[in-house]
Amino acid sequence: MFLGFSIFVTGVFTPVCTTEFLAFTEAQPCFARLNAQLLGLSIDSNPSHLAWVYNIYQNTGVVIPFPIIADRDMRIARMYGMIAPQVNESATVRNVFIIDPNGIVRAILIYPMTNGRNIEEICRLLTALQASDEYGVATPANWMPGHPAVLPPPATWAELQERIAGDQYECMDWYLCYTDLPKQ
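Residues numbered from 1 in each chain as written. Predicted model: local features only at pLDDT ≥ 70, side-chain atom pairs only at ≥ 80, totals over all residues. Heavy atoms only, no water.

*Asks:* How should I be thinking about the pattern of salt bridges in this particular structure?
*Replies:* Two side chains bearing opposite charge may form a pair once their charged atoms approach each other closely. If you walk through the whole model with that rule in mind, you get four salt bridges. Linking E20 and R117 is a salt bridge whose minimum nitrogen-to-oxygen distance equals 2.6 Å. Taken together, the residues E20 in helix α1 (residues 15–26) and R117 in the loop between β5 (105–111) and α5 (119–135) connect sequence positions 97 residues apart. Classification of E20 as buried rests on a relative accessible area of 2%. Judged by its relative accessible area of 7%, R117 is buried. When the shortest N-O distance is used, the salt bridge between E121 and R124 registers 2.7 Å. With E121 and R124 both in helix α5 and three residues apart, this pair spans about one turn of that helix. For E121, a relative accessible area of 25% corresponds to the partly exposed category. With relative accessibility at 17%, the residue R124 sits in the buried group. (Salt bridge = Lys/Arg side-chain N within 4 Å of Asp/Glu carboxyl O. Helix = DSSP H or I, 4+ residues; strand = E, 2+ residues; numbered from the N terminus. Buried < 20%, exposed > 50% of the residue type's maximum accessible area, 1.4 Å probe, protein only.)

Given below as structure tokens:
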């Protein structure tokens, strides 16, 4: 399994981002189990981050367990396309980047400023990416851990014949076959 970074962009002292920080913190065991590190990115200053996480702690008793990068000049935010110029020149949208150990962005989720991220979906997507990497499979729509995965389409006539003649896989047709993954 790969070490993943789930980088999310946020704004300090904003109601939706505060709920997301609490949700990411609550989901920290999921990310730890998946060997992934959370990393926040904000165009606000480090003192603002400290004040905000302290405010969260004062109001909820929750300690935020992941770092927040201060991107005051918006260099990183602009490089990754996180600025929403239709709103204003310094407003970021709610981005999530899942980056693998080779520095490759494997998934990008973008939410509008008005709507919070679904942390369960981020954990599910990270789990699906890791399953695809480890077992050479794809995950179908609405896949959840423990559900069958999809085999890649056969690359040769022999592979096609093997699939349609055998009973090793649950196949809807020669190109769409499901397989169970080992229990984890």
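*Asks:* What should I look at first to understand a nonpolar patch on the surface in this one?
*Replies:* A cluster of nonpolar side chains, contributed by M79, Y80, V105, I108 and I110, occupies part of the molecular surface with about 480 Å² of accessible area. If one sorts the elements of the nonpolar patch by residue count, β5 sits on top with three residues. Along the chain, the position of M79 falls in helix α4 (residues 75–79). Residue classification places M79 among the exposed residues on the basis of a relative accessible area of 57%. (Patch = residues over 30% accessible without salt bridge, like charges linked within 9 Å, V, L, I, M, F, W, Y side chains within 5 Å. Areas by Shrake-Rupley, 256 points an atom, 1.4 Å probe, with all protein chains shown as cover.)

*Asks:* Explanation requested: the nonpolar core in the structure shown.
*Replies:* Across soluble globular proteins, you tend to see nonpolar side chains buried next to one another. Counting 26 residues, the largest nonpolar core has F21, F24, F31 and I122 as its most contacted members. Examining the composition of this core, we find that six residues originate from one element, α5, more than from any other. (Core = buried A, V, L, I, M, F, W, Y, C linked by side-chain atoms within 4.5 Å.)

*Asks:* How should I be thinking about the packing of aromatic side chains in this particular structure?
*Replies:* Describing an aromatic ring pair means giving the distance of the ring centres and the angle of the ring planes. A complete count under the given rule lists six aromatic pairs for this structure. Relative to F66, the ring of F24 lies with its centre 6.5 Å away and its plane at 80°, an arrangement referred to as edge-to-face. Of this pair, F24 sits in helix α1 while F66 sits in the loop between α3 (46–60) and β3 (68–70); the two residues are 42 residues apart in sequence, bridging distant segments of the chain. A single burial state applies to F24 and to F66, both of which are buried. With centroids separated by 5.5 Å and ring planes inclined at 75°, the aromatic side chains of W174 and Y175 adopt a geometry described as edge-to-face. The partly exposed category is assigned to W174, whose relative accessible area is 37%. Taken together through their ring pairs, the aromatic side chains of F21, F24, F31, W52 and F66 make up a single cluster. (Phe/Tyr/Trp six-rings, centres within 6.5 Å; stacked < 30°, edge-to-face > 60°.)

*Asks:* Which parts of the structure should I look at to understand the sheet that holds strand β7 (residues 170–173)?
*Replies:* Two strands in a sheet stick together by hydrogen bonds in their backbones, pointing the same way (parallel) or opposite ways (antiparallel). Ordered by their spatial adjacency, three strands build an open sheet running β6-β8-β7, and the pairing between neighbours is antiparallel. At either margin of the open sheet sits one strand with a lone partner, and together these are β6 (149–150) and β7. As paired elements, β7 and strand β8 (residues 176–179) share three bridges and run antiparallel to each other. The residue bridging C171 from the neighbouring strand is C177, located in β8. (Pairing = 2+ DSSP bridges.)

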